[in-house]
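Structural description and commentary
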Amino acid sequence: QVQLVESGGGLVQTGGSLRLSCVHSGRLFSNYDMGWFRQAPGKEREFVASITRSGEYTYYSDSVKGRFTISRDNAKNAVGLQMNNLKPEDTAVYYCAARRWDTNEFLYWGRGTQVTVSS
């Protein structure tokens, strides 16, 4: 069964940077689109960024465009999220997710990693 494990969360000051990483346990990582989502206390989970199987296409929410960069390394079964110029509103639990090539929804989720940006 596919398992996703996030790491790299922590506490950072406004304007700082942080890099998240997600490791996929499956043997066919290249069959999955990968994405990052986040959820702040009292709010619904929201989309942050995604990347297609080959890394050819990337997508970002308007709130993070120009500040966050998603990437993947299929040889390492890993997806990263480089977060620059962090703002207090970026504070949330960040989740890694995977979507199989033959589906339209992200069905596999990690347990999340906390990102806190101080004001």
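Analysis parameters
- Residues numbered from 1 in each chain as written.
- Predicted model: local features only at pLDDT ≥ 70, side-chain atom pairs only at ≥ 80, totals over all residues.
- Heavy atoms only, no water.
- Buried < 20%, exposed > 50% of the residue type's maximum accessible area, 1.4 Å probe, protein only.
- Helix = DSSP H or I, 4+ residues; strand = E, 2+ residues; numbered from the N terminus.
- Pairing = 2+ DSSP bridges.
- Disulfide = S-S within 2.5 Å.
- Axes fitted to C-alpha atoms, helices over the stretch in contact; angles between N-to-C directions.
- Core = buried A, V, L, I, M, F, W, Y, C linked by side-chain atoms within 4.5 Å.
- Contact = heavy atoms within 4.5 Å.

1. Focus on the pairing of strand 3 (residues 18-24)
- Judged by which residues are buried, strand 3 turns out to be one-sided: L18, L20, C22 and H24 face inward and are buried, whereas R19, S21 and V23, on the alternate face, are not.
- Where strand 1 (residues 4-7) lies against strand 3, four bridges are found, and the strand directions are antiparallel. Considered in strand 3, the bridge of L4 is made with H24.
- Sheet topology note: the strand 3/strand 8 (residues 78-83) ladder contains six bridges and is antiparallel. Directly across from L18, in strand 8, lies its bridge partner M83.

2. Details of the state of the cysteines
- Applying the stated criterion to the full structure yields one disulfide.
- Between the sulfur atoms of C22 and its disulfide partner C96 the distance amounts to 2.1 Å. Looking along the S-S bond of the C22-C96 disulfide, the torsion reads about -80 degrees, which is the left-handed sense. You can see C22 sitting in strand 3 and its partner C96 sitting in strand 9 (residues 92-100), a full 74 residues away along the chain. Of the two residues, C22 and C96, neither departs from the other in class, the shared state being buried.

3. Focus: the sheet that holds strand 8
- Spatially, the four strands line up as an open sheet ordered 1-3-8-7, and their pairing is antiparallel. Edge positions in the sheet fall to strand 1 and strand 7 (68-73), since each of these pairs with one other strand and no more. Between one strand axis and the next, the sheet turns by 15 degrees as a mean value, whatever way the strands run.

4. Description of the nonpolar core
- One finds M34, W36, L81, M83 and Y94 to be the most contacted residues of the largest nonpolar core, which totals 26 residues.
- Within the residue set of this core, elements represented by two or more residues are strand 3, strand 4 (32-39), strand 5 (46-51), strand 7, strand 8, strand 9 and strand 11 (113-118).
- When residues of this core are assigned to their parent elements, the largest contribution, four residues, is made by strand 9.
- If we ignore the near neighbours within four places in the chain, the residues touching Y94 are E6, L20, W36, F37, R38, V48, F68, L81, M83, G112, T113 and V115.

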